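Working through the structure, step by step
If you want the building blocks of each chain, they are given just below.
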Amino acid sequence: MARLLLENVTKIYGRDVFAAKDISFEVDPEEFTVLVGPSGCGKTTTLRLIAGLEELTSGEIYIDGRRVNDVSPKDRDVAMVFQNYALYPHMNVYDNMAFGLQMRKYTKSEIRESVIDAAKTLDITELLDRKPRQLSGGQRQRVALGRSIVRNPKLFLFDEPLSNLDAKMRVQMRAELARLHKKIHATIIYVTHDQVEAMTLGQKIVVLKDGEIQQIADPITLYKKPANRFVAGFIGSPPMNFIRGTIKKDPTHISCFCTDLVLTLKKEFERYVGRSVVIGIRPTDFSLVEGTQIPIIVDVIEPMGNELYIYGRCGSTMLVARVPEEAEPRVGQMHVLRVNPEKLYIFDEETEKAI
């Protein structure tokens, strides 16, 4: 499997529309790397630049040390799996999987061996005689994967391959993709807007916004040490709560004075006294037993089995929090949350960078 390197990759449409701006990252052999971000952030454009389906404005792309800027897509030895599967409707599954090998002049016996092996890996052997219209969405996705696997490419490129599946099938296919990655030792670059998908699949995650990289890290680091407010708000479900305030000092505490409440901070933030900040609190980091008290009026209760998510208001500040079922919150009533200063995230209001 191949190593991929992007150096200052930029794609500009027209005069000044940056679809990708100075994108630089490296993917190690056999690594599962996910490009994640909201619609229009440049993740699919970056994938298409790697595949050679878009022309670079500037920058360099290397596959196994070979500069491929001017190499045609068919000669880059990459396989791309699209969102809409892109199967030939008039061909059966076997012929869809075999087509790429036929174009490369493989012998019939080589093609049959590769297709059968891939079908066994994906558990679709019994589907080889069917046409795409006779398959479910999950089965079509497996066929699209199989068509890529038979080629044994250096890189697998996935462009939101699960977005057309229902919720249950997406969960199942995520597990199958993770299993497949381990089985075939593939180097995968995977594009998604779904942060849950990114966190469950990616060994390395590249977070993009407006064509620029916001942070590159493993899932745990992204969640626990976000580089800025955007990453903090994008990674995690439900999203992080944000509260604006100013850091002040009294004789005994360092606190953040917000519109509707005062939050106690760790002493190490004394050097930021007078600074306008944004406090971040994950819904999962509220407590019922320790920390600063935050009274909220409950507006909505969302049952999630043995725990609840409550949505409410502290003055004009909207908050969402996870609480245990035994807390027994009631809509329209006040409920007291607590948050430990150790669990607070603090971002500069102007730069939005973590401090």
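Quick summary incoming for the structure in this document. (Residues numbered from 1 in each chain as written. Predicted model: local features only at pLDDT ≥ 70, side-chain atom pairs only at ≥ 80, totals over all residues. Heavy atoms only, no water.)

1. What to know about the environment of Gly315
Residue position: Gly315 is located in the loop between β17 (307-314) and β18 (317-324). Once the C-alpha coordinates of Gly315 and Asp260 are considered, the two residues, 55 residues apart in sequence, prove to be 5.5 Å apart. (Helix = DSSP H or I, 4+ residues; strand = E, 2+ residues; numbered from the N terminus.)

2. Describing helix α3 (residues 108-122)
Since there are 3.6 residues in each turn of an α-helix, residues three or four apart along the chain are aligned in direction. Over its 15 residues, α3 runs 21 Å from end to end, which matches the ideal 21 Å to within 8%, given 1.5 Å per residue. Taken residue by residue, α3 has Ile111, Val115, Ile116, Ala118, Ala119, Thr121 and Leu122 as its buried positions. Turning to α3, the residues buried within the fold contact α2 (93-103), α4 (137-149) and α5 (167-184). One or two positions beyond α3, positive phi appears at Asp123, with a value near 60°. (Expected span 1.5 Å × (residues − 1). Buried < 20%, exposed > 50% of the residue type's maximum accessible area, 1.4 Å probe, protein only. Contact = heavy atoms within 4.5 Å.)

3. A closer look at the pattern of salt bridges
Applying the stated criterion to the full structure yields 15 salt bridges. For Asp28, the salt bridge identified is with Arg3, shortest N-O distance 2.5 Å. Linking Asp28 in the loop between β2 (17-27) and β3 (32-36) with Arg3 in the segment before β1 (4-13), this pair joins segments that are 25 residues apart in sequence. Of the residues examined, Asp28 reaches a relative accessible area of 32% and is grouped as partly exposed. The class for Arg3 is partly exposed, based on a relative accessible area of 35%. As a salt-bridge pair, Lys204 and Glu31 come within 3.3 Å of each other at their nearest N and O atoms. With a gap of 173 residues between them, Lys204 in strand β9 (residues 204-209) and Glu31 in the loop between β2 and β3 connect regions that are remote in the sequence. Pair check on accessibility: Lys204 and Glu31 agree, each one buried. One continuous salt-bridge network, built from bridges that share partners, spans Arg3, Glu26 and Asp28. (Salt bridge = Lys/Arg side-chain N within 4 Å of Asp/Glu carboxyl O.)

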